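# Per-entry structural report
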Amino acid sequence: MIERYSREEMKKIWSEENKFKKWLQVEIAACEAWNKLGAIPDDSLATIKEKANFNIKRINEIEREVKHDVIAFLTSVAEFVGDDARFIHKGLTSSDVLDTAYNLLLKEAGELLISDLENLKEVLKDKAYKYKMTPMMGRSHGIHAEPVTFGLKMALWYDETKRNINRLKRAVDIIGVGKVSGAVGTFANISPEIEEYVCEKLGLKPAPVSTQIVQRDRHAEFFTTLAVIASSFEKFAVEVRHLQRTEVLEAEEYFSKGQKGSSAMPHKRNPVLSENVTGLARLVRSYSVAAMENVALWHERDISHSSVERVIGPDATVNLDFLIDRFTGIVRNLIVYEDKMMENIYLTKGLIFSQRVLLALTEKGVSREDAYRLVQRNAMKVWEEKFDFKELLKNDKDISVSLSQSELDEIFDLNYHLKNIDYIFQRVFGKE
């Protein structure tokens, strides 16, 4: 598998250069559509397509005077095109350009994030199979429950990542619309055919109905999807952090040669990368709230959403891109301590087999209430006095009357808990 680091690609998507290129693509596509309707002469269209360009420095200079970014852009383009620039932006309003181009950028960013997630999915699959039958403690409430395998934990993350990929594909589809319908979306000064042409050329679908803008529930869904994905990564990262705790130490982030963990304590090896993922997830989630606040605008539009989207578009996607790359590296280089996992399984002196004892007693005809009482009575002695659970059970006459010593030995077989791992893997990964 080829390692791919997409951070620079994502930054390029949100560069000023790429933003204005998208604006220009929308404008030129609209000119082509008008030409097909006979409203722009062939030679004028040829001039526009040949000469249309922009200068970012000049756009900024004009904007300082006119206080309008699209007008500044169009003025800069006109300086390259000349007289035929009068046909550019024919029948359009600023949001026709801004919203269509913005959704193109979100679509590009979303597709790059999907690629990131596909890459992580393969790394998780490799780890899942590598540690498929590596036993470790499963925990509920942070307390030892019953054994699982480390590979099963990776399979769980794989399956959640697969769902996140599907979520993001749906969100990209929802956001993948354009709007070229004029000042309040009525096509009063522009034909619907223009919108259909522009959207098809740019790989978007026309919004079935719009006002002056594409409706922001679409954007809210997109950014909320990013928030859900970030939340998954926080879950994964918190698990790594817990497994690296000194008292647990079943897995650990790779600690490179020369790396230092603390300015004061030279012994420290901290899960700083996973902590970084946790923090970034909080940030990405916050953008979803801003996106939902953008849904309610005045009448056919206001621009209270505009300043928000200039921030959350690049920030949410760049941060999530960085987060995914970072966590992919964590998983790829994760140090797994299989011996410590096994040691921790027996840390509670066999208590983790209590459910099997309970079920075995009920199968012998003991009521569930009595069986629970008998097993718990011995379990509490293990917690409080550190006895061996199996030995306590063997010496408890109320239990030995129902279960023989050989039956108790069989109950304490670790492999019993692993017997359906193959079945679960087949459900997650399919037949190999």
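Description of the structure in this document. This structure is a prediction, so every number in the text was calculated from the model and none was measured.

Quick notes on the rules
Residues numbered from 1 in each chain as written. Predicted model: local features only at pLDDT ≥ 70, side-chain atom pairs only at ≥ 80, totals over all residues. Heavy atoms only, no water. Helix = DSSP H or I, 4+ residues; strand = E, 2+ residues; numbered from the N terminus. Buried < 20%, exposed > 50% of the residue type's maximum accessible area, 1.4 Å probe, protein only. Areas by Shrake-Rupley, 256 points an atom, 1.4 Å probe, with all protein chains shown as cover. Lys, Arg positive; Asp, Glu negative; His and termini not counted. Charge placed at Lys NZ, Arg CZ, Asp CG, Glu CD. Axes fitted to C-alpha atoms, helices over the stretch in contact; angles between N-to-C directions. Parallel < 35°, antiparallel > 145°, perpendicular 65-115°, else oblique. Left-handed = near helix turned anticlockwise from the far one by under 90°. Contact = heavy atoms within 4.5 Å. Nonpolar A, V, L, I, M, F, W, Y, C, P; charged D, E, K, R; others polar. Expected span 1.5 Å × (residues − 1). Bend = angle between axes of the 7 residues up to and from the residue. Patch = residues over 30% accessible without salt bridge, like charges linked within 9 Å, V, L, I, M, F, W, Y side chains within 5 Å. Salt bridge = Lys/Arg side-chain N within 4 Å of Asp/Glu carboxyl O. Core = buried A, V, L, I, M, F, W, Y, C linked by side-chain atoms within 4.5 Å.

Before going further, it helps to examine the overall build of the chain. Regarding its fold elements, the chain presents 18 helices and 6 strands. Every one of the 432 residues in the chain was classed for burial, and the buried ones make up 50%. Carbon together with sulfur atoms contributes 51% to the accessible area of the chain, which is approximately 21,600 Å² in total. Of the side-chain charges in the chain, 62 are positive and 67 negative, and the distance between the mean point of each set is 4 Å.

Take the packing of helix H6 (residues 94–130) against helix H11 (residues 304–332) next. Between H6 and H11, whose axes approach to 10 Å, the crossing angle comes to 15 degrees. The angle between the axes of H6 and H11 places the two elements in the roughly parallel class. As for the relative orientation of H6 and H11, their crossing is left-handed in sense. Only Glu309, Ile312, Gly313, Thr317, Leu320, Asp321, Ile324, Asp325, Phe327, Thr328, Val331 and Arg332 of H11 make contact with H6, whose side of the interface consists of Tyr102, Leu106, Ala109, Leu113, Asp116, Leu117, Asn119, Leu120, Val123, Leu124 and Lys127. Considered class by class, the residues forming the contact of H6 with H11 number 13 nonpolar, 4 polar and 6 charged.

All right, on to H11 then. For H11, spanning 29 residues, the distance from its first C-alpha to its last is 43 Å, which sits close to the expected 42 Å at 1.5 Å a residue. Along H11, the largest kink reaches about 25 degrees and is centred on isoleucine 312; proline proline 314 follows within four residues of it.

What follows is about the packing of helix H10 (residues 272–293) against H11. One can describe the packing of H10 onto H11 by two numbers: an axis separation of 9 Å at closest approach and a directional angle of 155 degrees. The pairing of H10 with H11 is recorded here as roughly antiparallel in orientation. For the element pair H10 and H11, the recorded crossing hand is left-handed. Facing Leu273, Ser274, Asn276, Val277, Leu280, Ala281, Leu283, Val284, Tyr287, Ala290 and Ala291 of H10, the residues of H11 in contact are Val308, Ile312, Asp315, Ala316, Asn319, Leu320, Phe322, Leu323, Arg326, Phe327 and Ile330.

Moving on: a nonpolar patch on the surface. Side chains of Ile143, Met380 and Trp383 sit close together on the surface and give an oily, nonpolar patch of about 290 Å² of accessible area. Tracing the backbone shows methionine 380 in helix H14 (residues 368–385). Among the residues examined, methionine 380 registers a relative accessible area of 33% and is labelled partly exposed.

Judged by nonpolar contacts, the single largest core of 62 residues is most densely connected at Leu168, Phe233 and Phe327. The element best represented in this core is H6, accounting for 12 residues. When residues no more than four places from it in sequence are discounted, the contact partners of phenylalanine 233 are Leu117, Leu120, Val277, Leu323, Ile324 and Phe327. Within the second largest apolar cluster, 37 residues are counted, among which are Leu24, Ala29, Val70 and Phe87.

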